[in-house]
Amino acid sequence: MTFQDLNISNEILQALEKKGYTTPTQVQEEAIGPLLEWRDVIAKAPTGTGKTFAFGIPVIEHIDPQSEAIQAAILAPTRELALQIGDELRSLLTFKPGIRVAVLYGGQRMDAQLKQLKRNPQIVVATPGRLMDHYKRKNVRFDGIKTVILDEADRMLDMGFFKDVTGIIEKMKNRTNMGLFSATISQEVMTVSWMYQRDEVEITVQPKEESKPDIVQYSISCNSLEKLLTTIELIETQKFERVMIFCNTKHMCQRLCDDMKNRSFSVDCLHGDIRQSQRERVMQRFRDGKLDVLVATDVASRGIDVDDVDCVINYDLPDENEYYIHRIGRTGRARKKGMAFTLLGSLLEKAKLDEIAKYSNFKVTPVKILKDGTLKEEEVKKPQVKLKYR
């Protein structure tokens, strides 16, 4: 199937062609049609499978550019994801003048967002807390909204937004359809679906399907004090040009960034202590290819959509299995091959990675870097079992 088979307007087809997309992913193929028909959709699909276009295209196609009312609301759990969705929607609107998108999130001054709202956007992308704040201040009206989309619904509801999300939905009295898009379907997601969806179309994209990101995964065992040098050696010997490195703490994130800057790397970092305006600038520089390396905590694991990240490095092993999946999902996007490396500084970390691999049905190959830069698979030594004889 091609995008032309999905009854999409010529303007959207032109925008997709400009971006180099001709064939929809599974979630796009199965979700666009029902959403165009104003059906409710609940979709479970792994990260990197094209969920933004799956709901973004139908949302745009339903907009009346002559109306100045907000006609669609897209809720996202983080400001980073909201900004990413806004950018993707605007790229689809290249050949569709008259449709405006506003992005609303906490941490940005209200007056900057009021300027967007005064332009009468027909689509609003927002984090739940900030959208509710604007509603209470009477900066936005919900009576013209026909479509509401919850992106990364599992994470959004898990972050404590359940009350805000349900409160927002309750106030959209003229809503025609709803889309729930998520990497996992949690109990909270099922509850929202049960409460607000009717005769919904269920879509499940299994990780083993063709749409699964093509990511080769490796582990490298090294002393904790050697992780910096191992990271540098890995980037230099493998000639990676666009790298994301994940750390568990703000302190380690900043420290690693500073250490790499001192070694003349084109690098910057994202973590919770950095001001929002600066975080946006750093993210845009990385998207534009002006940064080679981005060091981040999990605040960015779902918030950056860059199609050509060569490699993801887990400097620290994440605390949660799901975090590992979302981290490595930053590479291997847009049907390109990706690589992920996890640095293991202890036997405990190795045991944890084995657990993650088993949980996620991943193959993680232990390797070491030879002097010539070649990656050589390491033999896993089985523990010695001493037999006792009487």
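Residues numbered from 1 in each chain as written. Predicted model: local features only at pLDDT ≥ 70, side-chain atom pairs only at ≥ 80, totals over all residues. Heavy atoms only, no water.

(A) Spatial organisation of the pairing of strand β13 (residues 337-344). Where burial is concerned, most of β13 is hidden: 6 out of the 8 residues are buried. Direction of pairing for strand β8 (residues 214-221) relative to β13: parallel, over a ladder of 8 bridges. Paired with Tyr218 across the strands is Phe341, a residue of β13. Direction of pairing for strand β12 (residues 311-314) relative to β13: parallel, over a ladder of 4 bridges. The residue of β13 that forms the bridge with Cys311 is Met339. (Buried < 20%, exposed > 50% of the residue type's maximum accessible area, 1.4 Å probe, protein only. Helix = DSSP H or I, 4+ residues; strand = E, 2+ residues; numbered from the N terminus. Pairing = 2+ DSSP bridges.)

(B) Region of interest: the environment of Ala82. Relative to the helices and strands, Ala82 resides in helix α4 (residues 79-92). A relative accessible area of 0% means that Ala82 is categorised as buried. With near-sequence residues (within four places) excluded, Ala82 lies in contact with Ala76, Val103 and Val125. (Contact = heavy atoms within 4.5 Å.)

(C) Region of the structure containing the sheet that holds strand β9 (residues 243-246). Across the sheet, 8 strands lie side by side as β10-β11-β9-β12-β13-β8-β14-β15; this open sheet has mixed pairing. Either end of the sheet is taken by a strand with one partner, and the two such strands are β10 (267-270) and β15 (375-377). The mean angle between the axes of side-by-side strands here comes to 30°, regardless of whether they run parallel or antiparallel. In this structure, β8 lies alongside strand β14 (residues 364-369), joined through 3 bridges in parallel fashion. Along β14, the bridge assignment pairs Gln217 with Val364. Running over the sheet, helix α12 (residues 321-328) touches β8, β9, β12, β13 and β14 and is turned about 150° from β12. Relative to β13, helix α13 (residues 347-360) is tilted by about 145°, and along the sheet it contacts β8, β13 and β14. (Axes fitted to C-alpha atoms, helices over the stretch in contact; angles between N-to-C directions.)

(D) Representation of empty space enclosed by the protein. For the structure shown, the criterion picks out 1 cavity of 30 Å³ or more. Here the largest cavity defines a volume of roughly 30 Å³. Every residue lining the largest cavity is listed: Leu35, Phe55, Pro58, Val59, His62, Thr147, Ile149 and Asn177. Those elements that provide at least two residues to the lining of the largest cavity are α3 (51-62) and β5 (147-151). Broken down by element, the residue count for the lining of the largest cavity peaks at 4 residues, all from α3. (1 Å grid on protein atoms, 1.4 Å probe; cavity = no way out; pocket = protein on both sides within 12 Å on 5 of 7 lines; lining within 4 Å. Points joined across faces, edges and corners; volume = space filled by probe spheres on them.)

(E) Main features of α13. In a regular helix each residue adds 1.5 Å, so 14 residues correspond to 20 Å; α13 covers 20 Å between its end C-alpha atoms and thus fits that length. Listed as buried for α13 are Glu349, Leu353, Ile356, Ala357 and Ser360. Viewed end-on, α13 has its buried residues packed into an arc of 100°, placing them on one side of the element. Counted as exposed and oriented over 90 degrees from the buried face of α13: Leu347, Leu348 and Lys358. (Expected span 1.5 Å × (residues − 1). Arc of directions from axis to C-beta.)

(F) Local environment of unusual backbone geometry. Within the chain, Lys138 stands out as a residue other than glycine whose phi angle is a positive 65°. Secondary-structure assignment places Lys138 in the loop between α6 (128-136) and β5. Despite not being glycine, Ser264 shows a phi value in the positive range, around 70°. Of note, Ser264 is situated in the loop between α10 (250-262) and β10.

(G) View of the sheet that holds strand β1 (residues 41-44). One open sheet accounts for 7 strands, arranged β3-β4-β2-β5-β6-β1-β7; its pairing is parallel. Edge strands, defined here as strands with exactly one partner in the open sheet, are β3 (101-104) and β7 (201-204). On average, adjacent strands in this sheet sit at an angle of 10° to one another, irrespective of strand direction. In the sheet, β3 pairs with strand β4 (residues 123-126) via 4 bridges, with the strands oriented parallel. Directly across from Val101, in β4, lies its bridge partner Ile123. α3 rests against β2 (72-75), β4, β5 and β6 (177-182) of the sheet, and its axis sits at about 165° to β5. Set on the sheet, helix α8 (residues 187-196) makes contact with β1, β5 and β6; between it and β6 the angle comes to about 170°.

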